[in-house]
Structure formats: C-alpha cells, structure tokens
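Structural overview
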Amino acid sequence: MTDGMPQYTRVVNALGAEDSSVRLQAALAVGSNPDPGLLETLVERCAVEPDFFVRDMLSWALTRLSSEITLPRIRRELESERTQARSQALHTLSKIGDRSAWAWITRDMLRDADDEVARTAWRVAVALVPEDEEKDLADELARQLGRGDREVQLSLSRALVDLGDVIEPVLERASANPCPAVAAHAHATVLLLRDPDSGFDAAVFEAKRAVTLGPERAAAATAAAVAASGIAVAAEAAETAETIGTSEAAGTSEAAGTLEMAETAETAETADTAETAETTETAETAEMAEMAETAGSAGPAKAAGAPDC
C-alpha cells in the first residue's frame, strides 16, 4: 500500500515502476507540477530509462524546471561514463535550447565512439552553434562523413544540411576524397541540400553511381537509359504504323511486297538498335553491380569516425 507514503516517495517509486505506462504517467505528472526537489531523480532516471517515450518525457519534465538549477546538473552528466547518460543529457540540452551551453559541446562529443551519443551531439551542436562558428562546425562534422550505417549517415547529413549553404565548400572538398565511402556520403549530402525532397536513399544511390562511374560516365549512363526508353516508344509506334499500313495495302500485291521489304529492313534496323541498347544497359548493370560489390566489401565504418580507406 502506498496511501501512507509521502508524495515524493510515491513519485520516485512510480518513475521506477516495472510498467512503462506507469513511468510515463509519472514523468508527465512531474513535468506538469515542477518540483526542484526531483531534479536529481529525473536526471538519474534519464541515464537508465529503457523506454524512448519515457526518456523523452523525462527530458520534458527537466525543461519545466528552472534552467539555473537544471543546466549545471546536466553539464555534469555530459562527462558521465554511461553512454545513455551523455546522450540524454545532450538531448535535454537541445530541448532547453540555451545557447550558453554551446561551449560545453566538445570535439570529443562530436566524435564519440557511441553512435547514439555522436548523433545527438551533432543535432544539439547545430541547434546551439553561433553563426560565426558554423563554418568550423561544418569542418568538424565533415570529418565524420562515411561513418556508420544508414541511420548514422542520415543523421549526419541532416545535421550538415541544417547548417545551410556554409557546408557547400566543405562538401565539395569531401566529394573529391579518395575514400569512396566519404566521397559518396558527401555527394549524397549535396544532393539533399539542393533537393531535400529527393530522399536519402535515392541520393546515396545516385552519389555512389557518380563516385564509381565518374560524373561524365554517370551522365552518359542516364542518357543511354533515356535513349533506350525512346527506342521502345519508337518500336511501338512502328508496330502500330505497320498494322495500319498492311491493312491499307492489302488490295495491291506490289505495294504489299514493297511494304514487306520495308518492314524487313525496319525490323532489322530496330533489332540492331535494340541489341546495341541492351548491350549498353548490360554494361551499365555490370558497372553498378561492381560498384555495389566494392561498396559492400569496404565493410562497416569505424565507430568513432570516418572509415579506413
């Protein structure tokens, strides 16, 4: 029974309850009725809470307290040995949005070996960076290009894109990096900057193709694909014309013979063109397969930074 327990004890017990819905409701209650006496409990729960939604509610509850008492305590968590404590402290800083905390975001955080900590550090750094330090931050974030799996790379690309046009010269240099993983990630980020609606996966595919084939060959491959589509349309139109022509010439044997000869020549020419297009497409497919194999054989990037190339 908890009826005789002090309110503080009941809240602390609820924040540590086995049922995540109970913990969520407790965090909501704390945020709705801010109590500075629960600061330490909230920070400690952030470091160990397994449920994402509960953690987010805990961070919200912390933002409801005075930043004068919250920020110093969160700053201490940034140096914690527990990765979740560091990650959640950074997340809470992004929620508070106090730009005075920018000075606390170190290069070690941006390069943290734990992907989740690094991703959160990138996000909060972009949110808090002063305008006159955006270029330096872009240079630092670019050091992580090629790092990690799809989600990590997407987070980094989004962080860079949020910095705006200042990243263009940085990405231009990175696009010429001899490491294919770095160059492709940089190129994909450029595509996202220019067309945010293009989608990350499409940008990565196009970037890998451009890096593997080179800009000129990639453009030629696209042109070949367009030409192949045109050939298919022309062949369909020729077939329609052939049907109509045959019907109209059915009463004249000489015209029919001439038409047959023309059809034979046209068919041969179309077949020859189609064969050429097929050869081009096959070569392109082989190049793309080789590209994918090369990218795959590179293996995963180092957890703490850009991949070895």
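Just above, that's the structure.
Residues numbered from 1 in each chain as written. Predicted model: local features only at pLDDT ≥ 70, side-chain atom pairs only at ≥ 80, totals over all residues. Heavy atoms only, no water.

Let us now look at the overall build of the protein. For the protein, the count of helices and strands is 15 helices and zero strands. Put simply, of all contacts in the protein between residues at least 6 apart along the chain, 65% involve residues at least 24 apart. (Helix = DSSP H or I, 4+ residues; strand = E, 2+ residues; numbered from the N terminus. Contact = heavy atoms within 4.5 Å.)

This part covers the pattern of salt bridges. Overall, the coordinates contain 15 salt bridges when judged by the stated rule. The partner of Glu40 in a salt bridge is Arg73, with the nearest N and O atoms 2.9 Å apart. Within this pair, whereas Glu40 is found in helix α3 (residues 39-48), its partner Arg73 is found in helix α5 (residues 67-77), the two being separated by 33 residues in sequence. Looking at Arg73, the relative accessible area reads 7%, which means it is buried. With its nearest N and O atoms 3.5 Å apart, the salt bridge here joins Arg82 to Glu44. In this pair, Arg82 is assigned in the loop between α5 and α6 (83-96) and Glu44 in helix α3, connecting sequence segments 38 residues apart. Look at Arg82 and you get partly exposed, because its relative accessible area is 36%. Because the salt bridges share partners, they merge into one network encompassing Glu40, Glu44, Arg73, Glu77 and Arg82. (Salt bridge = Lys/Arg side-chain N within 4 Å of Asp/Glu carboxyl O. Buried < 20%, exposed > 50% of the residue type's maximum accessible area, 1.4 Å probe, protein only.)

The next thing to look at is the packing of α3 against helix α4 (residues 52-63). Running from N to C, α3 and α4 cross one another at 150 degrees; their axes reach a closest spacing of 9 Å. By the angle class used here, α3 and α4 are roughly antiparallel. Regarding α3 and α4, the two cross each other, and that crossing is left-handed. Each of Leu39, Leu42, Val43, Arg45 and Cys46 in α3 lies in contact with α4, whose residues at this interface are Arg55, Leu58, Ser59, Ala61 and Leu62. Taken together, the residues of the contact of α3 with α4 break down into seven nonpolar, one polar and two charged. (Axes fitted to C-alpha atoms, helices over the stretch in contact; angles between N-to-C directions. Parallel < 35°, antiparallel > 145°, perpendicular 65-115°, else oblique. Left-handed = near helix turned anticlockwise from the far one by under 90°. Nonpolar A, V, L, I, M, F, W, Y, C, P; charged D, E, K, R; others polar.)

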